[in-house]
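# Secondary and tertiary structure notes
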Amino acid sequence: MTRTAEQRRSDEKVVYNAFMATCPTRQVLATIAEKWAALVVSALADGPRRHGELMKTIRGASQKMLTQTLRKLERDGLLTRTVTPTVPVRVDYELTDLGRTLVPVLVAVKTWSETHIEEVMAARDAFEEDE
């Protein structure tokens, strides 16, 4: 039976499923679901920032954790790192077009967390009482 070009292209499409252990989408999901990654993307939503500015905004992140998170996000094409050769050297981080597509999703999760934290804390307290 002869197959059309469209049928052949359809057969060649890769189906991604993050529930499968070997699917590369699982790695991306793991990266963007990390606490620091979500906060970095949210912090960069308003424009580029320097490492020190991110440290001040994202309190509690160690310099090492923040640097590792920035590298992962850069590797995945979600942000860019621009080095300006001044004294001292200036390094700016900025979301790429791809990274900006994550902003509404992560800001929604952040807003949900801030809105529902009291309910979550009450559920935790109730859970602890039952233990």
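Look up a bit, the structure's there.
In this report, the structure presented in the accompanying data block is examined.

Thresholds, definitions, all that
Residues numbered from 1 in each chain as written. Predicted model: local features only at pLDDT ≥ 70, side-chain atom pairs only at ≥ 80, totals over all residues. Heavy atoms only, no water. Core = buried A, V, L, I, M, F, W, Y, C linked by side-chain atoms within 4.5 Å. Buried < 20%, exposed > 50% of the residue type's maximum accessible area, 1.4 Å probe, protein only. Helix = DSSP H or I, 4+ residues; strand = E, 2+ residues; numbered from the N terminus. Contact = heavy atoms within 4.5 Å. Expected span 1.5 Å × (residues − 1). Arc of directions from axis to C-beta. Pairing = 2+ DSSP bridges.

Among the nonpolar cores identified, the biggest contains 22 residues, and Val40, Leu54, Ile58 and Leu79 are the most heavily contacted of them. Among the secondary structure elements, those contributing two or more residues to this core are α3 (35-43), α5 (63-75), β3 (90-95) and α7 (103-130). In terms of residues, this core owes the most to one element, α3, which gives 6 residues. In this structure Ile58 touches Trp36, Leu39, Val40, Ala43 and Leu66, once residues within four positions along its chain are discounted.

Further remarks concern α5. Residues spaced three or four apart along an α-helix point in a common direction, a consequence of the helix completing one turn every 3.6 residues. Taking 1.5 Å of rise per residue, 13 residues should cover 18 Å, and α5 covers 18 Å from first to last C-alpha, within 8% of that figure. Looking only at α5, the buried set comprises Leu66, Thr69, Leu70 and Leu73. Within α5, the buried residues cover an arc of 100° as seen down the axis, which keeps them to one side. Residues of α5 that are exposed and angled more than 90 degrees away from the buried face: Lys64, Arg71 and Arg75.

Before going further, it helps to examine the pairing of β3. Sheet topology note: the strand β1 (residues 49-50)/β3 ladder contains 2 bridges and is antiparallel. Each bridged residue has a counterpart across the sheet, and for Arg49 the counterpart in β3 is Tyr93. In this sheet, β3 lies alongside strand β2 (residues 79-84) in antiparallel orientation, the contact comprising 6 bridges. Bridge assignment links Val83 to a residue of β3, and that residue is Val91. Hairpin geometry of β2 and β3 is characterised by an intervening segment of 5 residues between the two adjacent antiparallel strands.

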